Amino acid sequence: MFETYLARWRLRPDGDAIHTHGSDLLPVMTQDGAPAMLKLARWPEERAGAALMRWWNGAGAARVLQADQEALLMERATSGRSLLQEAIRGEERDDHASAAICGVLDRLHAPRIQAPPPLRPLADWFGAVRIQAARHGGTLSHCARVADALLAEPQETVALHGDPHHGNMLEFARDDWRAIDPKDRFGERGFDHAQILWNPDLPSAPDPARMARQWQ
């Protein structure tokens, strides 16, 4: 599935392919010998995220080297450092990791002259919560009411990353953390920041003390 783009963009494979629920990825080297990642999108959401990566143009996100409607070639992080591993090492490193993600989001959310590509409003995306609330009630009904109240009065609307967990922030140079794998979301920028507090891969995420500490 990668051969067309390997030939078109003069790339050579540099590792095993990675297959996710929405994309197929292959580590490659460019003809100049630079490490890169070739990503082929299979879902519309992933293609919309690729358009957002092009719009960010390396400011807070991995720099896009080539792109078309189906494929994205972007620079590849090779440092090996992980913000999730940092966060697991204790409160101080956890706070440092969250601060790094906030720094990335500040860059992604910064005003730009050019309008972003078409994105899905958060209110539409939260429609799934309303559907499940109508079916099951209980806690989901409370969640739907809270979401509707917040969505009714957005404070600062921006093009969102949509999924800014630790694994989607990579180090491209020492302490140069930048984002990959955005979703097609537009809305209150606090949505991105709130997700930092709840990464299910982080064992301490459910701890109320952690949430209170980082919220401050």
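Note that the structure is predicted; figures quoted are calculated from it, not measured.

**Q** Would you mind going over the overall build of the protein in detail, with residue names and values included?
**A** Helix and strand counts for the protein come out as 9 helices and 11 strands. For 216 residues, the compact-globule formula gives about 17 Å, and the C-alpha radius of gyration of the protein, at 18 Å, lands near that figure. Referenced to the eigenvectors of the C-alpha coordinate spread, the extents of the protein come out at roughly 55 × 35 × 35 Å. Burial status across the protein gives 44% buried among its 216 residues. Intrachain contacts of the protein at a sequence separation of at least 6 include 59% that bridge at least 24 residues. Looking at the protein as shown, the accessible area adds up to about 11700 Å², and 54% of this sits on carbon and sulfur atoms. In the protein, 25 side chains carry a positive charge and 30 a negative one; their mean positions are 3 Å apart.

**Q** Can you lay out the nonpolar core for me, pointing to particular residues and giving the numbers?
**A** Side chains that are nonpolar tend, in soluble globular proteins, to be buried together. Counting 31 residues, the largest nonpolar core has Met53, Trp56, Leu83 and Leu108 as its most contacted members. Contributions of two or more residues to this core are made by α2 (44–56), β6 (71–75), α3 (83–88), α4 (91–109), β9 (169–173) and β10 (176–179). Among the elements that line this core, the one with the most residues is α4, at 6 residues. Beyond its immediate stretch of four places on either side in the chain, Met53 contacts Ala61, Ala62, Val64, Leu72, Met74, Ala179, Ile180 and Pro182. Counting 12 residues, the second-largest nonpolar core is a separate cluster that includes Tyr5, Leu11, Ala36 and Leu38.

**Q** Explain the packing of helix α6 (residues 127–136) against helix α7 (residues 139–152) to me, and be specific about the residues and the numbers.
**A** It is the contact of α6 with α7, at a shortest axis distance of 8 Å, that shows an interaxial angle of 150 degrees. For the pair α6 and α7, the crossing hand works out as left-handed. From α6, Val129, Arg130, Gln132, Ala133 and His136 reach across to α7, where they touch Leu140, Ser141, Cys143, Ala144, Asp148 and Leu151. Of the residues belonging to the contact of α6 with α7, the class tally is 6 nonpolar, 3 polar and 2 charged.

**Q** Would you mind going over the pattern of salt bridges in detail, with residue names and values included?
**A** Two side chains of opposite charge can pair, provided their charged atoms sit close to one another. Inspection of every chain in the model, using the stated rule, returns 23 salt bridges. Residue Glu86 is joined to Arg89 by a salt bridge in which the shortest nitrogen-to-oxygen separation is 2.6 Å. Its salt-bridge partner being Arg189, residue Asp106 comes within 3.3 Å of it at the nearest N-O pair. One end of the pair, Asp106, is in helix α4; the other, Arg189, is in the loop between β11 (185–188) and α8 (190–196), with 83 residues separating them in the sequence. Judged by its relative accessible area of 19%, Arg189 is buried. The network of salt bridges with shared partners includes Glu91, Asp94, Asp95, Arg210 and Arg213.

**Q** Lay out the sheet that holds strand β8 (residues 157–160) in plain terms, naming residues and giving numbers.
**A** Ordered in space as β7-β11-β8, the 3 strands form an open sheet in which the pairing is mixed. The sheet terminates laterally at β7 (120–121) and β8, the two strands that pair on one side only. Note: β7 against β11, 2 bridges, orientation parallel. Along β11, the bridge assignment pairs Arg120 with Arg185. Together, β8 and β11 form the strand contacts of α2, whose direction differs from that of β8 by roughly 110 degrees.

Conventions and cut-offs
- Residues numbered from 1 in each chain as written.
- Predicted model: local features only at pLDDT ≥ 70, side-chain atom pairs only at ≥ 80, totals over all residues.
- Heavy atoms only, no water.
- Helix = DSSP H or I, 4+ residues; strand = E, 2+ residues; numbered from the N terminus.
- Rg over C-alpha atoms; globule rule 2.2 N^0.38 Å.
- Buried < 20%, exposed > 50% of the residue type's maximum accessible area, 1.4 Å probe, protein only.
- Contact = heavy atoms within 4.5 Å.
- Areas by Shrake-Rupley, 256 points an atom, 1.4 Å probe, with all protein chains shown as cover.
- Lys, Arg positive; Asp, Glu negative; His and termini not counted.
- Charge placed at Lys NZ, Arg CZ, Asp CG, Glu CD.
- Core = buried A, V, L, I, M, F, W, Y, C linked by side-chain atoms within 4.5 Å.
- Axes fitted to C-alpha atoms, helices over the stretch in contact; angles between N-to-C directions.
- Left-handed = near helix turned anticlockwise from the far one by under 90°.
- Nonpolar A, V, L, I, M, F, W, Y, C, P; charged D, E, K, R; others polar.
- Salt bridge = Lys/Arg side-chain N within 4 Å of Asp/Glu carboxyl O.
- Pairing = 2+ DSSP bridges.

None of the figures reported here should be taken as evidence of function without further support.
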